Amino acid sequence: MIKERVLKDVLYTLDKLTLQFIMRNADAQSLMDKFSYETTINSQISNKKTGCHYNYYVDLECGNSFWIGFEANWKKKETGICFGRVEFNPAKVADSLIFQSIFGYVLRSCGSGMLTPVRFDLAIDMPVPRDKVCLIKDKRMYSEYRNSASDRTQYLGPRNAHGFVKLYNKALELKLDGIDLTRLELTIDYGNRSFDEVQRLIPTMYILDSYQFPLGISGTEKVIVTAILNDISLLNELGRKMGKKIKAYLSDMLMGLVLDVNKYNHVLDYIDTFKS
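Below, the structure is looked at part by part.

Rules behind the numbers
Residues numbered from 1 in each chain as written. Predicted model: local features only at pLDDT ≥ 70, side-chain atom pairs only at ≥ 80, totals over all residues. Heavy atoms only, no water. Helix = DSSP H or I, 4+ residues; strand = E, 2+ residues; numbered from the N terminus. Contact = heavy atoms within 4.5 Å. Pairing = 2+ DSSP bridges. Axes fitted to C-alpha atoms, helices over the stretch in contact; angles between N-to-C directions.

Some thoughts on the environment of Tyr57
- Assignment of secondary structure puts Tyr57 in strand β4 (residues 52–59).
- A sequence separation of 66 residues divides Tyr57 from Ala123, and the C-alpha atoms of the two residues are 23 Å apart.
- Beyond its immediate sequence surroundings of up to four residues, Tyr57 is in contact with Thr40, Ile41, Asn42, Gln44, Phe66 and Trp67.

Re the sheet that holds strand β7 (residues 115–126)
- Taking strand neighbours across the sheet as the criterion, the 10 strands line up as β3-β4-β5-β6-β2-β7-β12-β11-β10-β9 in an open arrangement whose pairing is antiparallel. Strand pairing shows two members of the sheet lacking a second neighbour, β3 (41–45) and β9 (142–146), which therefore form its edges. Averaged over all pairs of adjacent strands, the angle between strand axes in this sheet comes to 15 degrees, irrespective of strand direction.
- In the sheet, β4 pairs with strand β5 (residues 65–72) via 7 bridges, with the strands oriented antiparallel. Bridge pairing in β5 places Val58 opposite Phe66.
- Seen against the sheet, helix α1 (residues 25–35) touches β2 (11–24), β3, β4, β5 and β6 (81–88) and runs at an angle of roughly 115 degrees to β2.
- Across the sheet, helix α3 (residues 97–109) lies against β2, β4, β5, β6 and β7, angled at about 50 degrees from β2, the strand it touches most.

This is the structure we're talking about:
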C-alpha cells in the first residue's frame, strides 16, 4: 500500500439532516391546516412503506426548499400521536424566516427527546481540482457520470443509505471560475456516527499533489504512472520490482484523506442544536 501524506486543508459542513419527530395529532393537524392555505407549499400523499402519508414541500424566500412529512407509514398508528420526519439542508435554509417559523413550531410541539436525528450528510470540501482526485472502488456498488476528467461524479453504495458516497466537482456546480473545489459527501445513519465507523466509510482516495513527475522517471514509467492515476487498481497488475518502483514515485506525488476528529465533532455539535 502507498504510504501517502494526508490532506489537511479541508472544510467540513453539515449538508443534509433528517430528523424524526413525535407530537400530538392535534398539533400536527394544526400545522397541516396552515399549510393548506400557503401557495408556496406543495403537498403529496404517499403510501410508500418507507415514507410518510402526508408530505409537504416548502419553497422558501431564499430559493431553496425543505420537506416535512406526517403519519409515518412504517409506524403503527397510536391514538392521539403523530410520527413524522423533517429533512433539510441547514446551510441553505437555516437562516430562512419561514423555515425558522415552521421548525420552531415542530420543536415546541415535541417533548424532550421527541425530535431526534435519523440521518445526515457530511460534506468534506477539498481545495483541489476534481481531475486530481482518484477514488478507489471498494465492495460498495459503484457508478459514475463522466463528461470529462474535471466533470466527473463517482458514487459508492445505494443513495440515501448509510455509507453512500458522492465525489464531484463542487466548483463546477457552483460555477466558480478559477476555484479548485472537490466535494466528498457521505451519508451517515445517526445511530452509527462513531468516529471509527465514519473513518471506515470514507473511501480510499489519492489526491495528486503535483503533476510534476519525480526526477529520474523514464518515459515508460511516466505512462504507467499516468495510467495508474486513472485506475489505481492497475497497481495489482505490476510485477514486484516495477510495482515497488511505481509506488515510490506515487508516494511523492500523492496525498490521502483521513477523518479529522475535531472538525467532525464540530458537525455533530451542530446537529445537536436541532434536537429537542
